[in-house]
Amino acid sequence: MIVTAIVPAAGLGLRLQSRTPKPLVPLGAKPILIHTLEALSKERRIHHILIAVAKKNWDGFKAVLRSNKIGNRVTLVLGGKTRRESVEHCLSFVSPESDRVLIHDAVRPFIPASLLKALLQKAEKNPAVICGVPVKATIKQATSHVSAVTRNLTVAKTLPRDRLWEIQTPQVFEKDLLRKAYARCKDNAVTDDAALVEKLGVKVRIVRGEYCNIKITTPEDLVFAKAIMDAGYV
Ligand code: C5P
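Quick caveat: nothing in here was measured; it's all calculated off a predicted structure.

**Points about the overall build of the protein chain**
Okay, step 1: Tallying secondary structure elements over the protein chain gives 7 helices and 11 strands in all.
Okay, step 2: On the principal axes, the C-alpha backbone points of the protein chain span a range of 50 × 40 × 35 Å.
Okay, step 3: Classification of the 234 residues of the protein chain by burial places 45% in the buried group.
Okay, step 4: Distance from the positive charge centre (38 side chains) to the negative charge centre (21 side chains) of the protein chain: 2 Å.

**Considerations on the site of the ligand**
Okay, step 1: If you check the shell around the ligand, you find 12 residues, and the closest are Pro 8, Ala 10, Gly 11, Gly 80 and Ser 86.
Okay, step 2: With respect to the ligand, the side chain of Ser 86 contributes an N or O atom lying 2.7 Å from a nitrogen atom.
Okay, step 3: The separation between an oxygen atom of the ligand and a polar side-chain atom of Lys 215 is 3.1 Å.
Okay, step 4: Contact with the protein chains covers 80% of the free accessible surface of the ligand, which is 470 Å².
Okay, step 5: Class assignment of the residues belonging to the shell around the ligand gives a composition of 3 nonpolar, 4 polar and 5 charged.

**Here we look at the packing of aromatic side chains**
Okay, step 1: In this structure the tally under the stated criterion is 0 aromatic pairs.
Okay, step 2: The positively charged end of Lys 136 is found above the aromatic ring belonging to Tyr 211, 4.1 Å away from the centroid.

**Some remarks on the nonpolar core**
Okay, step 1: Counting residues in hydrophobic clusters, the biggest one holds 31 residues, and the most contacted among them are Leu 33, Leu 40, Ile 49, Ile 51 and Leu 102.
Okay, step 2: Looking at this core, the elements that each hand over two or more residues are β1 (3-8), α1 (32-41), β4 (46-53), α2 (58-67), β5 (74-78), α4 (113-123) and β7 (128-134).
Okay, step 3: If we ignore the near neighbours within four places in the chain, the residues touching Leu 40 are Ala 5, Val 7, Ile 46, Ile 49, Leu 102, His 104, Ile 111 and Leu 116.
Okay, step 4: Counting residues in hydrophobic clusters, the runner-up holds 24 residues, among them Ala 10, Val 87, Val 94 and Val 190.

**Here's the deal with the sheet that holds β4**
Okay, step 1: The strand order β5-β4-β1-β6-β10-β7-β11 describes an open sheet built from 7 strands, whose pairing is mixed. If you trace the sheet from one side to the other, it starts and ends with β5 and β11 (205-208), each paired once. On average, each strand axis in the sheet is inclined to that of its neighbour by 30 degrees, with strand direction left out of account.
Okay, step 2: Strand direction decides the pairing type here: β1 and strand β6 (residues 100-103), joined by 4 bridges, are parallel. Paired with Val 3 across the bridge in β6 is Arg 100.
Okay, step 3: In the packing of α1 onto the sheet, contacts are made with β1, β4 and β6, and the angle to β4 comes to roughly 155 degrees.
Okay, step 4: Across the sheet, helix α5 (residues 175-184) is in contact with β6, β7 and β10 (165-174); its angle to β10 comes to roughly 115 degrees.

**Some remarks on the pattern of salt bridges**
Side-chain pairs of opposite charge can arise where the charged atoms are in close proximity.
Okay, step 1: What the rule picks out here adds up to 8 salt bridges.
Okay, step 2: A salt bridge links Arg 45 to Glu 43, with the nearest nitrogen and oxygen atoms 2.9 Å apart.
Okay, step 3: On the basis of relative accessibility, which here comes to 2%, the residue Glu 43 falls in the buried class.
Okay, step 4: Close ionic contact of Asp 99 with Arg 100 constitutes a salt bridge, the shortest N to O distance being 3.6 Å.
Okay, step 5: Bridged by salt links that share partners, the residues Glu 43, Arg 45 and Lys 117 form one connected network.

**Some points on helix α7 (residues 219-230)**
Okay, step 1: The end-to-end C-alpha distance of α7, which contains 12 residues, comes to 17 Å, matching closely the 16 Å that a straight helix rising 1.5 Å per residue would cover.
Okay, step 2: Those residues of α7 that fall on the buried side of the exposure criterion are Asp 221, Leu 222, Ala 225 and Ile 228. Looking straight down α7, one finds that the buried residues subtend no more than 120 degrees of arc, so they occupy a single side. Those residues of α7 that are exposed and aimed more than 90 degrees away from the buried face are Val 223 and Asp 230.
Okay, step 3: In this fold, the buried residues of α7 make contact with β2 (26-27) and α1.
Okay, step 4: Immediately beyond the C-terminal end of α7, within one or two residues, lies Gly 232, with a positive phi of roughly 75 degrees.

Scoring rules and cut-offs
Every chain is numbered independently, its residues counted from 1 as its sequence is written. In view of the model being predicted, local features appear only for residues whose pLDDT reaches at least 70, and side-chain atom pairs are presented and counted only at 80 or more, with totals across whole chains, interfaces and linings using the full set of residues. Side-chain measures here rest on the full set of heavy atoms in the structure, leaving out hydrogens and waters. Where helices and strands are cited, they refer to DSSP runs of H or I of at least four residues and of E of at least two residues respectively, numbered from the N terminus. Three labels apply to residues, based on accessible area from a 1.4 Å probe with only protein chains included: buried if under 20% of the type maximum, exposed if over 50%, partly exposed otherwise in between. Within this scheme the basic residues Lys and Arg register as positive and the acidic residues Asp and Glu register as negative, but His and the chain ends are omitted. To locate a charge, take NZ of a lysine, CZ of an arginine, CG of an aspartate or CD of a glutamate. Put simply, a residue is near a molecule or strand once any heavy atom of it comes within 4 Å of that molecule or strand. Residues adjacent in sequence count toward polar contacts only when both atoms are side-chain atoms; beyond that, a polar contact is any pair of N or O atoms within 3.5 Å, and within protein one must be able to donate a hydrogen and the other to accept it. Only the protein chains shown count as cover for residues, and the accessible areas themselves come from Shrake-Rupley with a 1.4 Å probe. Gly is placed with the polar residues, together with every amino acid not listed as nonpolar (Ala, Val, Leu, Ile, Met, Phe, Trp, Tyr, Cys and Pro) or charged (Asp, Glu, Lys and Arg). Side-chain rings of Phe, Tyr and Trp (the six-membered ring for Trp) are treated as a pair once their centres are within 6.5 Å; stacked means planes under 30 degrees apart, edge-to-face means over 60, and tilted covers the remaining angles. We call a charge positioned over a ring when the NZ of a Lys or the CZ of an Arg lies within 6 Å of the ring centre and within 35 degrees of the ring normal. To define a nonpolar core, start from buried Ala, Val, Leu, Ile, Met, Phe, Trp, Tyr and Cys residues and group those joined through side-chain atoms within 4.5 Å. Should any heavy atoms of two residues lie within 4.5 Å, those residues are counted as being in contact. Two strands are counted as paired when DSSP detects at least two bridges linking them. Angles run from 0 to 180 degrees between N-to-C directions of axes, and those axes are lines fitted to C-alpha atoms, restricted for helices to the stretch in contact. Any Lys or Arg side-chain nitrogen found within 4 Å of a carboxyl oxygen on Asp or Glu counts as a salt bridge. Each helix should span, by expectation, one fewer than its residue count multiplied by 1.5 Å. Think of it as the arc spanned by the lines of direction from the helix axis to the C-beta atoms.

This is the structure we're talking about:
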């Protein structure tokens, strides 16, 4: 199995309220992105890593890769206007010899090596494999979009928790399948690659992930991330 990893990092990270692009925010001794790249680089089946970067952050990312001695297995790719476009650009750079594509959030620095192995093992026999953890909270769907400012926020329905999984990355796909899924679906609001594959009617397998594999999105996530590191979970 020859795997190319795609790391979408071309967002503006507004929710972290930081002027530094979110993946370049320090976590301990190095930027979040470097933790992520080091974790991915330890997996021998990952031959190449493509990082989607916004034009205005290009030089900053280049400098961070250079100063952290990240080698030639990592290539920067110009991102698009949406996550979907950024991944699509990266897909056109995946080498012909790669048969699988792994997608991973730049700001999920704590990928357990055992989880990466379990995902890739499952991907030997399955075209689409994702990871996630059972949802701990009760999830309700509201009648309006989360960004809507409304005084009468109302419950539409409560989803039964016993079948709910909070989906994380890494996600692993057969390269041709993922390309087909992207070619078919032009919905720029998509936030999850597996959702595109599901639309093709392909079975997506779930591997149980770990709660420490957090995505650093808001300022308090940085506090949780430091606690995870200090407690020696990774
Ligand atoms: O906004 P959200 O956290 O869901 O973004 C998911 C990922 O997609 C982030 O890592 C972000 O950098 C990336 N992204 C991208 N290109 C964009 C917008 C977001 O690579 N144009």
